[in-house]
Amino acid sequence: MGAATSKLSSVAIIALCQVAALALWFSASAVIPALVAEYRLSGFAQAALTSGVQAGFVVGCLASALFGLPDRVDPRRLFALCALLGALANALLLVVDPGAAGAPLLRVVTGVAMAGVYPVGMKLAATWAKGDMGLMVGILVGALTLGSALPHLFNAFGGIDWRVPVVVSSLSALAAAALIGLAGLGPNRAPSPPFDPRAVLSAWRDVPLRLANLGYLGHMWELYAMWAWIGVFLAASFAQSLPPGAASTAAKLTAFATIAAGGIGSVAAGLLADRLGRTAITMAAMSVSGTCAATIGLLFGGDPAWLAAVCVVWGVSIVADSAQFSASVAELSDRARVGTMLTFQTALGFTLTLVTIHMMPFLVAAVGWRYAFMPLAVGPALGVWAMARLRAHPRSVELAGGRR
């Protein structure tokens, strides 16, 4: 009973601390509309504030993976130090000019710090997995998804000074740094491996790991482009059938519901994948999300209720597979390098999102909203192919206790 309680409490603390620390990431999305209004930021400045965290996160993940930090340092200590660094960088936004070069630089530092939070949190949860790896990682991804949705909810109601979310998110990260030490390390943690920067190459050289990572890349091709642009798409669509004020609020609330629904999908898929198999659930989820990407534009300008319903289905399915790629990598990796492999996988995925997020405006300009999301369906198609190949591989028996 004591061990079960320790596991439950530790995973709850890890999930809570991860959301609290990642508030530093979400806060930028929440305050950018207010910053634009107050400081009349240029389009480049807006993009730099948004992409700065993403770019910093990729750099931080690559450095962490090369040095094997998640496996060679107590992950709780690494998590706490990175949360403290992120809180400081975020708080300094209060004293710099948002339109000057210092603000994007601080967002880059925040992103670097988050590289010691998100994948490290997954590593911590994985140490507790025993027949429920999909659920353990699914809970963390679900928590991340809910946090990613919150800015749309804040923006729907507005009226909040931009400095308030900045202060609250910094305090939240400080609390995460203080609390993460209360989480225990599970029995799956292996002894610290020696320093070997070439270890990350096994992510490509090892065929099952390569296929799991290809599946993840297909998923990430679609995910963040959808998250970044679904609110803009909904606002443009609703504006054709609803009064201006109602259209704007409805779009923000629907965007919140769409992204937040992914939290439910992540946890539910984790439960199912542990029982039915990783590849089965990821292929099913990508088939649904890819279909939504290919067809959602056909509803543009139509009945808002139907469009909202399909968006929620897309929101559930587009995240449902996410944690299962990470769970697959954790199960297929050398146990001593699980943290490194998860961090490197995350770095690859978020590098790809920088391409698709910035690709969307060009697609909208070229073909309009009716067809702009269609190219995102290429990612899930690749992901289904990769996971089908993994399912046929002899080592797929290592997934979910033999449930492929």
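Here is what the cut-offs are and how they apply
Residues numbered from 1 in each chain as written. Predicted model: local features only at pLDDT ≥ 70, side-chain atom pairs only at ≥ 80, totals over all residues. Heavy atoms only, no water. Helix = DSSP H or I, 4+ residues; strand = E, 2+ residues; numbered from the N terminus. Rg over C-alpha atoms; globule rule 2.2 N^0.38 Å. Contact = heavy atoms within 4.5 Å. Lys, Arg positive; Asp, Glu negative; His and termini not counted. Charge placed at Lys NZ, Arg CZ, Asp CG, Glu CD. Core = buried A, V, L, I, M, F, W, Y, C linked by side-chain atoms within 4.5 Å. Buried < 20%, exposed > 50% of the residue type's maximum accessible area, 1.4 Å probe, protein only. Salt bridge = Lys/Arg side-chain N within 4 Å of Asp/Glu carboxyl O. Patch = residues over 30% accessible without salt bridge, like charges linked within 9 Å, V, L, I, M, F, W, Y side chains within 5 Å. Areas by Shrake-Rupley, 256 points an atom, 1.4 Å probe, with all protein chains shown as cover.

Caption draft 1: Representation of the overall build of the protein. Scanning the protein from N- to C-terminus turns up 17 helices and zero strands. For 404 residues, the compact-globule estimate of 2.2 N^0.38 gives 22 Å, and the protein sits close to it at 20 Å. A sequence separation of at least 24 residues applies to 86% of the contacts in the protein between residues at least 6 apart. Where the 24 positive side-chain charges of the protein centre and where its 15 negative ones centre are 5 Å apart.

Caption draft 2: Highlighting the nonpolar core. In terms of nonpolar packing, the biggest core is built from 102 residues, with Ile230, Leu234, Trp314, Phe350 and Phe373 touching the most fellow members. In this view, Ile230 contacts Ala255, Thr258, Ile259, Cys311, Trp314 and Phe373; residues no more than four positions away in its chain are not counted. In terms of nonpolar packing, the next biggest core, distinct from the first, is built from 11 residues, Leu35, Leu49, Leu106 and Val166 among them.

Caption draft 3: Spotlight on the pattern of salt bridges. The full count for this structure, using the stated rule, is eight salt bridges. Here Asp71 ties to Lys123 by a salt bridge, and the two come within 2.9 Å at their closest N and O atoms. Of this pair, Asp71 sits in helix α3 (residues 69–72) while Lys123 is found in helix α6 (residues 118–126), placing the two residues 52 residues apart along the sequence. A relative accessible area of 2% places Asp71 in the buried class. Between Asp74 and Arg76 there is a salt bridge whose closest N-O contact spans 2.9 Å. Through salt bridges with shared partners, one network takes in Asp206, Arg395 and Glu398.

Caption draft 4: View of a nonpolar patch on the surface. Judged by side-chain polarity, Leu81, Leu84, Leu88, Leu92, Leu94, Val95, Val167, Leu171 and Leu174 come together as a nonpolar surface patch covering roughly 800 Å² of accessible area. Within the residue set of the nonpolar patch, elements represented by two or more residues are α4 (75–91) and α8 (163–179). Among the secondary structure elements, Val167 is positioned in helix α8.

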